[in-house]
Amino acid sequence: MKTVISASRRTDIPAFYLPWLIRCIQLGSAEIVTPRGLKKCVSLHPDHVHSLVLWSKNFHYFLKQKNAFKEYRLYFHFTLNDCPELEPNIPGLQERLEQARALAGCFGPACLNWRFDPVVFWDGGRKDNTGRFAYIAERMGRLGVRRCTFSFCTHYRRTVVRTRAAGIPLYDPPLDLKRETAARLGRIARSCGIGLFACSQSGLDGIENVAVARCIDGAYLQEL
């Protein structure tokens, strides 16, 4: 049975570790450490891989090296939001939108999933990072992208400490505000021809224009 390779939700391999991944492809396997600290060898032989899912906030380096992946079916989780206060060290939005255009042109828009993730509130809920959602949705819709996944920020201790040190006191909103926000984003996405999917979220069932999604949707990859 062929395997779906997720590279990787735990770290941004296309942005920071692409040479390592290309070496592994050339070798036909990758040595990884699982979340439980166990070492594991994963076959990357094209005959053993159903799809290679690449997660990133910056596909600049991948686009320069895309021929190294020509033996694989590729699917892209591209995180696109616009909040320099929280993410000062990634390329500007226009550069990343141009990367999305290039990915859609090279591999087809059906192979591109837009992640608006995470949705973050701070300053007692008076501020959030959804202000540019409509602009990004309009641009992605024009490219033919039809899927967007999102989730609300999980307040891990390390996340809270780092953001507080940066002068951004995170706020964990009540469920009714999350549902209101999800419904608003769903209406915007629908107006741009995009389906909005909540990933690993509870309490968001029954919201119009918002569906439940898996991070790796095997049925959708099979359909592709």
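One can find the structure itself at the top, above this paragraph.
Residues numbered from 1 in each chain as written. Predicted model: local features only at pLDDT ≥ 70, side-chain atom pairs only at ≥ 80, totals over all residues. Heavy atoms only, no water.

1. Remarks on the pattern of salt bridges
Within the structure shown, the criterion is met by nine salt bridges. With its nearest N and O atoms 2.1 Å apart, the salt bridge here joins E87 to K57. Taken together, the positions of E87 in the loop between β5 (74-79) and α4 (93-107) and K57 in the loop between β4 (49-56) and α3 (60-64) put the pair 30 residues apart, joining distant regions of the chain. Judged by relative accessible area, which is 18%, E87 ranks as buried. Among the residues examined, K57 registers a relative accessible area of 26% and is labelled partly exposed. (Salt bridge = Lys/Arg side-chain N within 4 Å of Asp/Glu carboxyl O. Helix = DSSP H or I, 4+ residues; strand = E, 2+ residues; numbered from the N terminus. Buried < 20%, exposed > 50% of the residue type's maximum accessible area, 1.4 Å probe, protein only.)

2. Focus on the sheet that holds strand β12 (residues 210-213)
What the seven strands build is an open sheet, ordered β1-β4-β5-β6-β9-β11-β12; its pairing is parallel. Lying at the two open borders of the sheet, with one neighbouring strand each, are β1 (3-7) and β12. Recorded for the sheet is a direction-independent mean angle of 25° between the axes of neighbouring strands. Here four bridges tie strand β6 (residues 112-119) to strand β9 (residues 147-152), and the two strands are oriented parallel to one another. Pairing of F116 across the sheet is with F150, part of β9. On top of the sheet, helix α5 (residues 133-143) reaches β6, β9 and β11 (195-199); it is set at about 175° to β6, its chief contact. (Pairing = 2+ DSSP bridges. Axes fitted to C-alpha atoms, helices over the stretch in contact; angles between N-to-C directions. Contact = heavy atoms within 4.5 Å.)

3. Side note on unusual backbone geometry
Looking along the chain, the bond that leaves A7 and enters S8 is cis, with omega of -5°. Along the chain, the position of S8 falls in the loop between β1 and α1 (13-16). In this structure, D123 is a non-glycine residue whose phi angle is positive, near 55°. Relative to the helices and strands, D123 resides in the loop between β7 (121-122) and β8 (127-128). Unlike most non-glycine residues, S200 shows phi in positive territory, near 55°.

4. Some remarks on the sheet that holds β7
One open sheet holds the three strands; their spatial order is β8-β7-β10, and the pairing between them is antiparallel. Strands with a single pairing partner mark the edges of an open sheet, and in this sheet they are β8 and β10 (170-171). With two bridges joining them, β7 and β10 adopt antiparallel strand pairing. If you follow F121 over to β10, its bridge partner there is Y171.

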